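# Examination of the molecular architecture
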Amino acid sequence: MCAVAASITSTRRVQWADTDASGWYHNTVVLRWIEETENELMDRLGILQDIISRVPRVHIEVDYRTILRFWDEVEVHVEVTGVKASSVDFHFEVRHHGDLAADGRYTAVLVGDDGKPQPWSDEHRDALRSG
């Protein structure tokens, strides 16, 4: 990871609805966990209300390392790894008892009411870069 400081770790539990017929966590739950954790980060940075519903993900990569089961407790870590003109890059990890269960990266873009990319304000860029 890079020296960007904006990051957060949250704790979650695998819910029954998060599992599939195998009894293991469904692949899509990781996407929900990182989004919830990212929202907590943006709230802590004081910019959530300014950007909510205006930062769609445009690229996501996930590597699933191990299975998780109902009621397993996980730590979800999300960190900003880069801020560009209108986009922000993140890295994330999901850990269970310290072991890596899933990790990856994703990019989100700030858009205006017309759905087109718009530049981050200096205030938002500073918050994302400095945490």
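Description of the structure in this document. (Residues numbered from 1 in each chain as written. Predicted model: local features only at pLDDT ≥ 70, side-chain atom pairs only at ≥ 80, totals over all residues. Heavy atoms only, no water.)

### Quick word on unusual backbone geometry
Non-glycine residue S53 carries a positive phi angle of around 70°. Along the chain, S53 turns up in the loop between α2 (48–51) and β2 (57–64). At H97, a residue that is not glycine, the phi angle is positive and equals roughly 55°. Within the fold, H97 resides in the loop between β4 (87–96) and β5 (99–109). Looking at H97, the relative accessible area reads 71%, which means it is exposed. (Helix = DSSP H or I, 4+ residues; strand = E, 2+ residues; numbered from the N terminus. Buried < 20%, exposed > 50% of the residue type's maximum accessible area, 1.4 Å probe, protein only.)

### Remarks on the nonpolar core
The biggest cluster of nonpolar side chains holds 33 residues, and the ones touching the most others in it are Y25, W33, V94 and L128. Among the elements of the structure, α1 (29–45), α2, β3 (73–83), β4, β5 and α3 (122–130) are those that each provide at least two residues to this core. Here this core takes seven residues from α1, the largest share from any one element. (Core = buried A, V, L, I, M, F, W, Y, C linked by side-chain atoms within 4.5 Å.)

Worth remembering: the numbers are spatial, not functional.
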